[in-house]
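An overview of the molecular structure
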Amino acid sequence: MYSQGLIGADNKTEETQAFLDAFQKRIDAEEKIEPNDPMPLAYRNTLIRMIGQHAHSEIVGMLPEGNWITRAPTLRRKVALLAKVQDEGGHGLYLYSAAETLGVSREQMTEELLDGTAKYSSIFNYPTPTWADIGTIGWLVDGAAIMNQVPLCRCSYGPYARAMIRVCKEESFHQRQGYELVKTLCEGTAEQKAMAQDSLDRWWWPSLMMFGPSDTDSQHSDKSMQWKIKRFTNDELRQKFIDATVPQAELIGLTVPDKDLTWNPTKNRGKGGYDFGEINWDEFWRVVQGHGLMNKDRIAARKKAWDEGAWVREAAQAYAAKQQSSSVA
Ligand code: FAQ
């Protein structure tokens, strides 16, 4: 672990108004905050919560797609899917490391995931019953993830911002391979096209929920915007995603399952944008609170992996202790 201080690494800095003002001045000047810098406790805790949730999402997010690796229809698709799932695992590890720079351990974060204290993205609590879902996840879920994460490359916390640069490059490949997969299905037989449409029908609304509650219900957005952790609000990013994705659906002949979707030329300060239907926020909160279709399965899978990996952690600790005692002797 890198950062040991509660407020600053010196363990002395007090959270006075003068300190808070000086901190905000650094943020406003677009300076990056680094692990050993003094920072308000609430800033630290916001990042631990958000980066931890993000890391868990990447790791839990391997499960719905990993489920299809053995059933990918061609060698080319299998190789791409294997690489993608492996990338998501890498993103999770980067992010756990970024969170560790704030003074929390990976063990603690994992325990909080398993006991339900820490959240992960709602989207990974939906099932993947068809092969088309693998394309739709790349296209929509990675597409939404990129929309949210590109601005995080400019997050005020240095380790998170830097991790996001590589993550976004990889997510971009994921989005393209997903869209190409769905496009291929749309150019295939009538059954394949119907499979793609059915998948879009099931994933569209949950993808919009990935951006979080509407701005009026978002508890953390104001403070995170002030600290330049978030650069856009949940609703702003959701709108950008809809505006970018609807034409992609049209291009491959799919229909977005929203009867209220209409082009509004006055939106986005006259640049135009889509008006869209009401999101089912009851469903969103139900899933976030653990009552989605796959919540129990996802946590059970993570718990099994954690329990079965105990011997690896113990062996690594025993090896480290042995190395340390032989270097002391
Ligand atoms: N699911 O006040 P806000 C990926 C919670 S990565 C579950 O608006 P905030 C890659 C929120 O935590 C996807 N919970 O919160 C991939 C808070 O609860 P708390 C993950 C949600 O933090 C692709 C409460 O609601 N990406 O997909 C969700 O300002 C394919 C109030 O919300 C990130 O984590 C939700 N959707 O804004 C992997 C990006 N939304 O903590 C595999 C970083 C909100 O007070 C395959 N995170 N909540 O108990 C963020 O940008 C933000 O944290 C938001 C939420 C935008 C997610």
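How each quantity is defined
Residues numbered from 1 in each chain as written. Predicted model: local features only at pLDDT ≥ 70, side-chain atom pairs only at ≥ 80, totals over all residues. Heavy atoms only, no water. Helix = DSSP H or I, 4+ residues; strand = E, 2+ residues; numbered from the N terminus. Rg over C-alpha atoms; globule rule 2.2 N^0.38 Å. Buried < 20%, exposed > 50% of the residue type's maximum accessible area, 1.4 Å probe, protein only. Axes fitted to C-alpha atoms, helices over the stretch in contact; angles between N-to-C directions. Left-handed = near helix turned anticlockwise from the far one by under 90°. Contact = heavy atoms within 4.5 Å. Nonpolar A, V, L, I, M, F, W, Y, C, P; charged D, E, K, R; others polar. pLDDT = per-residue confidence, 0-100. Salt bridge = Lys/Arg side-chain N within 4 Å of Asp/Glu carboxyl O. Near = heavy atom within 4 Å. Polar contact = N/O pair within 3.5 Å; in protein donor to acceptor, adjacent residues only side chain to side chain. Areas by Shrake-Rupley, 256 points an atom, 1.4 Å probe, with all protein chains shown as cover. Parallel < 35°, antiparallel > 145°, perpendicular 65-115°, else oblique. Phe/Tyr/Trp six-rings, centres within 6.5 Å; stacked < 30°, edge-to-face > 60°. Lys NZ or Arg CZ within 6 Å of the ring centre and 35° of its normal. Expected span 1.5 Å × (residues − 1). Core = buried A, V, L, I, M, F, W, Y, C linked by side-chain atoms within 4.5 Å. Lys, Arg positive; Asp, Glu negative; His and termini not counted.

A look at the overall build of the protein chain
- Tallying secondary structure elements over the protein chain gives 13 helices and 2 strands in all.
- The C-alpha radius of gyration computed for the protein chain amounts to 21 Å, which stays within 12% of the reference 20 Å derived for 329 residues, consistent with globular compactness.
- For the protein chain, the spread of C-alpha atoms along the principal axes amounts to about 70 × 50 × 35 Å.
- Looking at the protein chain as a whole, 48% of its 329 residues are labelled buried.

Let's talk about the packing of helix α5 (residues 106-114) against helix α12 (residues 295-308)
- Look at α5 against α12: their axes get within 10 Å of each other, and the N-to-C directions meet at 140°. The hand of the α5/α12 crossing is left-handed. Of the residues in α12, those touching α5 at Glu107, Thr110, Leu113 and Leu114 are Ile299, Arg302, Lys303 and Trp306.
- Residue classes in the contact of α5 with α12 are distributed as 4 nonpolar, 1 polar and 3 charged.

So, the confidence of the model for the protein chain
- The predicted model of the protein chain averages 94 in pLDDT, with 96% of residues at 70 or higher.
- Confidence drops under pLDDT 50 across residues 1-5; counting only partners more than four residues distant or on other chains, this segment forms 15 contacts.

Observations concerning the pattern of salt bridges
- Taken as a whole and judged by the stated rule, the model has 19 salt bridges.
- The residue Lys183 makes a salt bridge to Glu187 at a minimum N-O spacing of 3.2 Å.
- Judged by relative accessible area, which is 33%, Lys183 ranks as partly exposed.
- Using a relative accessible area of 58% as the deciding quantity, one classes Glu187 as exposed.
- Ionic pairing is found between Lys304 and Glu308, a salt bridge with its closest N-O pair at 3.5 Å. In this pair, Lys304 and Glu308 both sit in helix α12, 4 residues apart, roughly one turn of the helix.
- The network of salt bridges with shared partners includes Glu65, Lys84, Glu88 and Asp142.

Some details on the site of the ligand
- In the neighbourhood of the ligand, 37 residues make up the surrounding shell, with Gln53, Lys119, Ser218, His220 and Lys230 lying closest.
- Between the ligand and Ser122 there is a distance of 2.9 Å, counted from a nitrogen atom to a backbone nitrogen or oxygen.
- Between the ligand and the protein, one listed contact pairs an oxygen atom with a side-chain N or O atom of Asn234 at 2.8 Å.
- Across the complex, the protein chains shield 94% of the 1,100 Å² of accessible surface that the ligand would expose by itself.

Observations regarding the packing of helix α4 (residues 75-100) against helix α7 (residues 158-186)
- Two elements in contact, α4 and α7, have axes whose closest approach is 10 Å; the angle formed by their N-to-C orientations is 160°. With respect to each other, α4 and α7 are oriented roughly antiparallel. Every pair of crossing elements has a handedness; the one defined by α4 and α7 is left-handed.
- Looking at side-chain class alone, the contact of α4 with α7 contains 11 nonpolar, 4 polar and 9 charged residues.

A closer look at the packing of aromatic side chains
- Inspection of every chain in the model, using the stated rule, returns 11 aromatic pairs.
- Taken together, a centroid distance of 6.3 Å and an interplanar angle of 55° make the contact between Tyr126 and Trp203 tilted. With a gap of 77 residues between them, Tyr126 in the loop between α5 and α6 (132-149) and Trp203 in helix α8 (residues 190-209) connect regions that are remote in the sequence. Accessibility assignment for this pair places Tyr126 and Trp203 in one class, buried.
- These aromatic residues form a ring-pair network of at least three members: Phe19, Phe23, Tyr43 and Trp227.
- Sitting above the plane of the Phe232 ring, Lys240 keeps its charged end 4.6 Å from the centroid.

What about the side chain of Thr136?
- Turning to its location among the elements, Thr136 is positioned in helix α6.
- Residues contacting Thr136, with those up to four places away along its chain left out, are Val141, Val182, Ser199, Leu200 and Trp203.

Considerations on α8
- The end-to-end C-alpha distance of α8, which contains 20 residues, comes to 30 Å, matching closely the 28 Å that a straight helix rising 1.5 Å per residue would cover.
- Every buried residue of α8 is listed here: Ala196, Gln197, Ser199, Leu200, Trp203, Trp204, Trp205, Pro206, Ser207, Leu208 and Met209.
- Where α8 is buried, its residues contact α6, α7, α10 (234-251) and α11 (281-291).

A look at the nonpolar core
- The biggest cluster of nonpolar side chains holds 45 residues, and the ones touching the most others in it are Trp139, Trp204 and Leu254.
- If you list the elements that add at least two residues to this core, you get α4, α6, α7, α8, α10 and α11.
- Beyond its immediate sequence surroundings of up to four residues, Leu254 is in contact with Trp139, Val182, Cys186, Lys193, Ala196, Gln197, Leu200 and Ala249.
- Core analysis: the second largest hydrophobic core is formed by 27 residues, Ile51, Leu102, Val167 and Ile229 among them.

Some details on the side chain of Asp87
- Its place among the elements puts Asp87 in helix α4.
- Within the buried set, Asp87 has no salt-bridge partner at all; the shortest N-O distance to an opposite charge, 6.2 Å, is to Arg166.
- Apart from residues lying up to four places away in sequence, Asp87 is in contact with Glu170, Phe173 and His174.

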